[in-house]
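One-letter residues, chain by chain:
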Amino acid sequence: MKLRCLIVDDEPLAHEVILRYMADTPFLEKAGQCYLATEAIAFLNTQPVDLIFLDIQMPKLTGLNFLRTLKQPPLVIITSAHEEYALESFELQVCDYLLKPFRFDRFLKAANRALSLFTLQQNTTSAAAPAKTDPVAGVSPLYVKADKKLIQLQPGQLYYLESLGNYVKVWDDKKYLLTQRTLSSFEEQLPAEMFIRIHKSYIINRRHVQYIEGNIIRLTNGKELPLGKNYRHAIKQLLL
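Read on for a plain summary of the structure. Not measured: the values here are computed from a predicted model.

Conventions used here
- Residues numbered from 1 in each chain as written.
- Predicted model: local features only at pLDDT ≥ 70, side-chain atom pairs only at ≥ 80, totals over all residues.
- Heavy atoms only, no water.
- Helix = DSSP H or I, 4+ residues; strand = E, 2+ residues; numbered from the N terminus.
- Areas by Shrake-Rupley, 256 points an atom, 1.4 Å probe, with all protein chains shown as cover.
- Buried < 20%, exposed > 50% of the residue type's maximum accessible area, 1.4 Å probe, protein only.
- Polar contact = N/O pair within 3.5 Å; in protein donor to acceptor, adjacent residues only side chain to side chain.
- Pairing = 2+ DSSP bridges.
- Axes fitted to C-alpha atoms, helices over the stretch in contact; angles between N-to-C directions.
- Core = buried A, V, L, I, M, F, W, Y, C linked by side-chain atoms within 4.5 Å.
- Contact = heavy atoms within 4.5 Å.
- Phe/Tyr/Trp six-rings, centres within 6.5 Å; stacked < 30°, edge-to-face > 60°.

**Topic: the overall build of the protein chain**
Okay, so step 1: Counting secondary structure elements, the protein chain contains seven helices and 15 strands.
Okay, so step 2: Carbon together with sulfur atoms contributes 52% to the accessible area of the protein chain, which is approximately 12,600 Å² in total.

And the structure:
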């Protein structure tokens, strides 16, 4: 599998760096290059794209305003020299945020995350039989014992986990399963690229974060969870 990539950046040097890194990443291929966001709009109307490497500060139309115009945007990795747009970008559900100048190892981490999310999307929309493993990094399904049954769950469908002493509520969009396990045991099992602990009582799926305001993290299903004072580093991890 290869991801068709579009570079949108007004700096030629930025294109050179990304193209060089893409050449060393086997699952990425160039779909096109645009030096203005307005050019990218026209490009997307004519060719399929799986992933956009998107700058923010560009003439005529900023990268984030361009992203807001897309009804069904592909995966997006922000590439910017401006750190202050990170939270705003995250609220727009970007895949990752690369702060210029970035090294190849950081680029590769972002590209791997994009590949995992793309695979997850493909699996979700496929009409084929359910996969035997979770599509993110080949992680096995999660088995939860509840109501005297062993229930199989796909980690990508979970929103958050809530500790209740020696029990844990495993939440999807609207309902939960109660299982007799510790939150720490789930933390060791769940894929770190998807889940992060934000409180002694909560682990969240980072892909379902809608926004962060103060010490509150709101999920896309409307649930608001506290950010523990000993877990404030989690905000930085969410954006890296």
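**Structural notes on the environment of Asp105**
Okay, so step 1: Within the secondary structure layout, Asp105 lies in helix H5 (residues 104-125).
Okay, so step 2: You can call Asp105 partly exposed: its relative accessible area is 43%.
Okay, so step 3: Along the chain, Asp105 and Tyr21 lie 84 residues apart, while their C-alpha atoms are 9.4 Å from each other.
Okay, so step 4: A distance of 2.9 Å separates polar atoms of two side chains, one belonging to Asp105 and the other to Arg103.

**Describing the sheet that holds strand E15 (residues 224-226)**
Okay, so step 1: Taken in spatial order, the three strands of this open sheet run E13-E14-E15, and their pairing is antiparallel. A single partner strand is all that each edge strand has here, and the edge strands are strand E13 (209-213) and E15. Taking the axes of each pair of neighbouring strands and ignoring which way they run, one obtains an average angle of 25° across the sheet.
Okay, so step 2: Relative to E15, strand E14 (residues 216-219) runs antiparallel, the two sharing three bridges. Note on E15: the bridge partner recorded for Arg218 is Glu224.

**Focus: the nonpolar core**
Okay, so step 1: Counting residues in each nonpolar core, the largest one holds 23 residues, and the members touching the most others are Leu3, Met22, Leu28, Leu51, Phe53, Ile77 and Phe107.
Okay, so step 2: Those elements that provide at least two residues to this core are strand E1 (3-8), helix H1 (12-23), strand E3 (51-54), strand E4 (75-80) and H5.
Okay, so step 3: Ranked by residue count, the leading element in this core is H5, at seven residues.
Okay, so step 4: For Phe107, the contacting residues outside a window of four places in its chain are Ile18, Tyr21, Met22, Thr25, Leu28, Phe53, Leu98 and Phe102.
Okay, so step 5: Residues Leu6, Ala31, Leu64 and Tyr97 belong to the second largest nonpolar core, which totals 22 residues.

**Quick look at the sheet that holds E1**
Okay, so step 1: Taken in spatial order, the five strands of this open sheet run E2-E1-E3-E4-E5, and their pairing is parallel. Every other strand in the sheet has two partners, leaving strand E2 (28-34) and strand E5 (96-99) as the edge strands with one partner each. For this sheet, the mean angle separating the axes of adjacent strands, direction not counted, is 20°.
Okay, so step 2: In terms of strand pairing, E1 meets E2 through six bridges, oriented parallel. Pairing of Ile7 across the sheet is with Gln33, part of E2.
Okay, so step 3: Set on the sheet, H1 makes contact with E1, E2, E3 and E4; between it and E2 the angle comes to about 165°.

**Notes on the packing of aromatic side chains**
Okay, so step 1: Per the counting criterion, the structure on display carries nine aromatic pairs.
Okay, so step 2: Seen in terms of ring centroids, Phe53 and Phe107 are 5.2 Å apart; in terms of plane orientation they differ by 20°. Their pairing is stacked. Residue Phe53 is found in strand E3, and its partner Phe107 is found in helix H5; the two are separated by 54 residues along the sequence. You'll find Phe53 and Phe107 in the same group, each marked buried.
Okay, so step 3: Plain terms: the ring middles of Tyr160 and Tyr202 are 6.2 Å apart, the flat faces sit at 55° to each other, and that makes the pair tilted. Placement of the pair is Tyr160 in strand E8 (residues 160-164) and Tyr202 in strand E12 (residues 202-205), with a sequence separation of 42 residues.

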